[in-house]
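Listed below, chain by chain, are the residues.
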Amino acid sequence: MLRPMALVGCLALLAGCSTTSYDSDSDVSGRGYRAEGTASYYGKAHHGKRTASGERFNQNALTAAHRTLPFGTRVKVTNLDNGRSVVVRINDRGPFGRGRIIDVSKAAAEQLNMLRSGTAPVRLEGL
């Protein structure tokens, strides 16, 4: 009985540490969504494979994977290290790496100037 209670307590604590926030005018389309965290990118190894939305992943398209935003949502991603931004369309689920909030395509990573580092601190804004 003590283990399930400890698990529930840990999950509640982790939920309180989330950086995701919705503005008062947000809706199910993702408009008003704002979050900050770490972005990573995926490319060649996944190129041509099916995404969670059913379309084929194209590393040269401006797309991204997000855990909860609806497919088709357009998100402005801003690299907080250099101020560069790109608008991507959500077409996949993820990221699955710990501490990441979005996986962008290789093309989007190029525009954000994060190819060398592989990750970057970002701000997400639902459009």
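What you are looking at is a predicted structure, and each value in this text was computed from that prediction instead of being measured.

Would you mind showing me how to read the overall build of the chain here?
Helix and strand content of the chain: two helices and seven strands. Starting at the N terminus and walking to the C terminus, you meet the elements of the chain as α-β-β-β-β-β-β-α-β. By residue count, 34% of the 127 residues in the chain fall in the buried class. Here the chain has roughly 7600 Å² of accessible surface; of this, 53% comes from carbon and sulfur atoms.

Looking at this structure, how should I read the packing of aromatic side chains?
For any two aromatic rings, the description comes down to two numbers: the centre-to-centre distance and the angle of the planes. Under the defined criterion, the tally for this structure stands at one aromatic pair. Seen in terms of ring centroids, tyrosine 42 and phenylalanine 57 are 4.4 Å apart; in terms of plane orientation they differ by 15°. Their pairing is stacked. Here phenylalanine 57 lies in the loop between strand E2 (33–42) and strand E3 (63–65) and tyrosine 42 lies in strand E2, a separation of 15 residues in the sequence. Here tyrosine 42 and phenylalanine 57 have matching classes, each one buried. Between the NZ or CZ atom of arginine 93 and the centre of the ring of phenylalanine 71, over which it lies, the distance is 4.2 Å.

What exactly am I supposed to notice about the environment of lysine 49 here?
Assignment of secondary structure puts lysine 49 in the loop between E2 and E3. Classification of lysine 49 by relative accessible area gives partly exposed; the value is 48%. Apart from residues no more than four positions distant in its own chain, lysine 49 is found in contact with Glu55, Arg56 and Phe57. Polar contacts involving the side chain of lysine 49 include one to the main-chain carbonyl oxygen of alanine 45, which spans 3.4 Å.

Help me understand the pairing of strand E6 (residues 100–105) in this model?
Here E6 lies mainly inside the structure; five of its six residues are buried. Relative to E6, E2 runs parallel, the two sharing five bridges. Pairing of tyrosine 41 across the sheet is with valine 104, part of E6.

Even after reading the chapter, I still don't get the pairing of strand E4 (residues 74–79), so can you show me in this structure?
Alignment of E4 against strand E5 (residues 85–92), held across five bridges, turns out to be antiparallel. What sits directly across from lysine 76, in E5, is valine 87. The pairing of E4 with strand E7 (residues 119–126) spans five bridges and is antiparallel. Residue pairing in the sheet places lysine 76 in a bridge with glutamate 125 of E7.

I'm lost on the nonpolar core in this one. Help?
Side chains of a nonpolar character, in soluble globular proteins, are inclined to be buried together. Core analysis: the biggest nonpolar cluster contains 20 residues, and Val77, Val88, Ile102, Val104, Val122 and Leu124 have the highest contact counts within it. Mapped onto this core, the elements with two or more residues apiece are E2, E4, E5, E6, helix H2 (106–112) and E7. Ignoring sequence-local partners within four residues, the contact set of valine 104 consists of Ser40, Tyr41, Tyr42, Thr63, Ala64, Ala109, Leu112 and Met114.

Is there a simple way to explain the environment of alanine 109 in this structure?
Locating alanine 109 in the fold gives a position in helix H2. In this structure the C-alpha to C-alpha distance between alanine 109 and asparagine 79, which are 30 residues apart in sequence, comes to 9.6 Å. Aside from chain neighbours lying at most four places away, what touches alanine 109 is Tyr41, Val104, Met114 and Leu115.

Criteria and cut-off values
- Residues numbered from 1 in each chain as written.
- Predicted model: local features only at pLDDT ≥ 70, side-chain atom pairs only at ≥ 80, totals over all residues.
- Heavy atoms only, no water.
- Helix = DSSP H or I, 4+ residues; strand = E, 2+ residues; numbered from the N terminus.
- Buried < 20%, exposed > 50% of the residue type's maximum accessible area, 1.4 Å probe, protein only.
- Areas by Shrake-Rupley, 256 points an atom, 1.4 Å probe, with all protein chains shown as cover.
- Phe/Tyr/Trp six-rings, centres within 6.5 Å; stacked < 30°, edge-to-face > 60°.
- Lys NZ or Arg CZ within 6 Å of the ring centre and 35° of its normal.
- Contact = heavy atoms within 4.5 Å.
- Polar contact = N/O pair within 3.5 Å; in protein donor to acceptor, adjacent residues only side chain to side chain.
- Pairing = 2+ DSSP bridges.
- Core = buried A, V, L, I, M, F, W, Y, C linked by side-chain atoms within 4.5 Å.

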